[in-house]
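# Architecture and fold: a report
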Amino acid sequence: MWLKNLTYGRAILLGLATLLLGGGCGGGGGGSAGDAQSGTTSPPEPTRLSVIDSTPDGSGSTVDATRAGIRFVHPGFADLRLSNSGACVSDKVARRDLTGLANSEFDALFEHVFDCSPLTSNQSVEVEKRGERGGVEYVVSHDFTHAGMGSGELVGLGAINVSPAEIASSFQSYLTGELFNELDLPFDQRLLVVAAAIEAIAGWTNLSDPQTTQGVVARRVSYPAADPFGAATSAVTGLVVSPAVASTSPRRGVVVLAHSTGSTPGDLELSNAWYLLANLLASHGYLVVAADNWGRGGTSEFPETYLLGFRTAQNNINLVRSVVRDDDFAQFLPGGTVTPLILVGYSQGGHSVMGIWHQLSLSAASDLEVIEIYAGGGPYNLYSTFNGVMQFLSDNCIDDAYCINVDEAVTVPFATNRILPGVLEYTESGYTLDDIVSEGDLATDFIDDYSSGDASADSLKMLLQLNSYTNITNLIEVYAPAAQLHLYHAPQDLLVPYANQIELTALFSGHVSTTTHEDICSGTVYEAIATVTDVVGVIHSICGIAMVNHVVGQLR
């Protein structure tokens, strides 16, 4: 296993052989081996910390080294402080609690994001950090090559002009048809859910009666980005929607939509809620961008970067920068040297917007600023959410908030088909998919090793904790308090444990202005929907549309 090859040993202090000087004929003096003759000792070699994740990886090249595209992660100690040593600048570091490992030497994860400027095409660079703790010096470093991808121009792959009437009718059609098709319920349950949902739909007036006043132009685009290993690529696709006519007073920020599970907004399909939402917000004057995650759209032949926060964030940020640099969209921007961003995402997208905010908060680049975040139903504590599934499958769930409501028929496929393929493909977890998944289910041996605390699962556990946002211990150093954080998760939504929102709220409240909106998916209407079906994903999807309706009302 890769993990077992990690070298976590401490540096060995080199001994110095000392020779006593003796008198001899002619009074000749003696010398010592090495540098003893000068009376000095060789300094000890620093202890090298192992990099457990990086973008770009050692063989890759970064698309835009001047815009925080370089990052590496390593375990360490909570009280270890590291400083730059090399050509690149890392102003901030995110430290996370590291728990639940068989190898308990380390108690923290360090995530460094670097800005390197200027660099020339195909230049090889080493980024390095050094620090001292308890008289021992530590060093961690990573090598990469700068690809020199140029200006980051968008390439148009298709455009649609959408009228105000079409925007309104498309959402009405979605709410009365496609939404319920997505739920994939048995006929009898479908009838009950539809009947119970009629009152909820009637309350979503921002969607069913959006009162749009202008049309939009929706564009499918590709753009220079990075693949999951950090290598430059132009295969990534996404969506850019602008008002048909520019306003003399542009809206206060660019809206970035992070899509939910199974969604590909760049396909420009009327059955896709995130494409419809982009059209609706653009009809109210916003410039809207939405990247297709790697593994969807133009890269659909590959596993998706599902809940791999940095990789998903990097593609979104690359798209935003390509749009901002494009003169065709300058008329829709607020103006100034800094572009304000409004992030919106639900479920998988809720996790993604936290990743975008997190990466920009770590970056020293100052061209983009997050001013508002609307995040709903996300597994912000990915580690505990995954652990909950494992506790359930190993019969070790004892009133734990992350496992008591696991629905094996729905939740386990999210682990086997969504979470694990990307983690195992793009990171060094120590496993292959065949090690973990057997005939569509999690393998018994893997469940036993993971649940019993076997060291073979340590690397995977570190990666899950790396992609969590409730375990950050230096919040004040990373996140500026100026942003507004809006959280949406109803307690009866059991697909993603509600404990995720409780933890995230507790972490950010008191530092960042945080508002929870459980009320938008609560009351007798939503209780009735949750009651008439035993499929936990139904109320999750319904609450997602309730959040979208509320966000449109907030931004309109």
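What you are looking at is a predicted structure, and each value in this text was computed from that prediction instead of being measured.

A few words on the overall build of the protein chain. For the protein chain, the count of helices and strands is 15 helices and 22 strands. Taking all 556 residues of the protein chain together, the buried fraction comes to 56%. Taking contacts inside the protein chain between residues at least 6 apart in sequence as the whole, the part at least 24 apart equals 77%. Accessible surface, the protein chain as shown: approximately 22,000 Å² in total, 50% of it carbon and sulfur.

A separate point is the pairing of strand β8 (residues 124–133). Where strand β5 (residues 82–84) lies against β8, 3 bridges are found, and the strand directions are antiparallel. Note that in β8 the partner of Ser83 across the bridge is Arg130. Both β8 and strand β9 (residues 136–146) contribute to a ladder of 10 bridges, which runs antiparallel. What sits directly across from Gly131, in β9, is Tyr138. Hairpin connection of β8 to β9: 2 residues between the antiparallel strands, including Gly134 at a positive phi of 60°.

Here the focus is the pattern of salt bridges. All chains considered together, the criterion is met by 12 salt bridges. The partner of Glu304 in a salt bridge is Arg418, and the shortest N-O contact between them spans 3.9 Å. With Glu304 in the loop between β16 (288–291) and α5 (309–325) and Arg418 in helix α8 (residues 408–426), this residue pair connects regions lying 114 residues apart in the sequence. Given the relative accessible area of 10%, Glu304 is considered buried. Salt bridges linked by common partners bring Asp53, Arg71, Arg96, Glu111 and Arg311 together as one network.

Looking now at α5. Compared with the 24 Å implied by 1.5 Å per residue over 17 residues, the 24 Å span of α5 between its first and last C-alpha is a close match. Within α5, 15 of the 17 residues are buried, which leaves the element mostly enclosed by the surrounding structure.

Helix length check: helix α2 (residues 187–203), at 17 residues, gives a terminal C-alpha distance of 25 Å against a target of 24 Å (1.5 Å per residue), a fit within 8%. Every buried residue of α2 is accounted for by Gln189, Val193, Ala196, Ala197, Ala200 and Ile201. Buried positions along α2 lie against α1 (164–183), α3 (205–208), α14 (524–532) and α15 (536–555).

So, about the packing of aromatic side chains. In the structure shown here, the tally under the stated rule is 12 aromatic pairs. Residues Trp294 and Phe302 carry aromatic rings whose centres are separated by 5.2 Å and whose planes lie at 20° to one another, so their mutual orientation is stacked. Judged by relative accessible area, which is 7%, Trp294 ranks as buried. Three or more aromatic residues joined by ring pairs form one cluster here, namely Phe386, Tyr431, Phe446 and Tyr450. The ring of Phe77 is capped by Arg133, whose NZ or CZ atom sits 3.9 Å from the centre of that ring. Against the face of Tyr450 rests Lys461, its NZ or CZ located 4.7 Å from the ring centre.

A word on the environment of Tyr286. Mapped onto the fold, Tyr286 is located in the loop between α4 (273–283) and β16. Sequence-wise, Tyr286 and Val241 are 45 residues apart; in three dimensions their C-alpha atoms are separated by 8.4 Å. A distance of 3.1 Å separates polar atoms of two side chains, one belonging to Tyr286 and the other to Arg251.

Strand order in the open sheet formed by 4 strands is β2-β4-β7-β6, with antiparallel pairing between adjacent strands. Two strands bound the open sheet, and with one partner strand each, they are β2 (53–55) and β6 (93–97). Looking at each pair of strands side by side, their axes are set apart by 15° on average, direction ignored. Sheet topology places strand β4 (residues 70–76) next to strand β7 (residues 108–114); 7 bridges connect them, and they run antiparallel. Within β7, the position partnered with Gly76 by the bridge is Ala108. Of the strands in this sheet, β2, β4 and β7 are in contact with α5, which crosses β2 at around 10°. The sheet contacts of helix α6 (residues 348–362) involve β6 and β7, and relative to β6 the element is tilted by about 130°.

Conventions we followed
- Residues numbered from 1 in each chain as written.
- Predicted model: local features only at pLDDT ≥ 70, side-chain atom pairs only at ≥ 80, totals over all residues.
- Heavy atoms only, no water.
- Helix = DSSP H or I, 4+ residues; strand = E, 2+ residues; numbered from the N terminus.
- Buried < 20%, exposed > 50% of the residue type's maximum accessible area, 1.4 Å probe, protein only.
- Contact = heavy atoms within 4.5 Å.
- Areas by Shrake-Rupley, 256 points an atom, 1.4 Å probe, with all protein chains shown as cover.
- Pairing = 2+ DSSP bridges.
- Salt bridge = Lys/Arg side-chain N within 4 Å of Asp/Glu carboxyl O.
- Expected span 1.5 Å × (residues − 1).
- Phe/Tyr/Trp six-rings, centres within 6.5 Å; stacked < 30°, edge-to-face > 60°.
- Lys NZ or Arg CZ within 6 Å of the ring centre and 35° of its normal.
- Polar contact = N/O pair within 3.5 Å; in protein donor to acceptor, adjacent residues only side chain to side chain.
- Axes fitted to C-alpha atoms, helices over the stretch in contact; angles between N-to-C directions.

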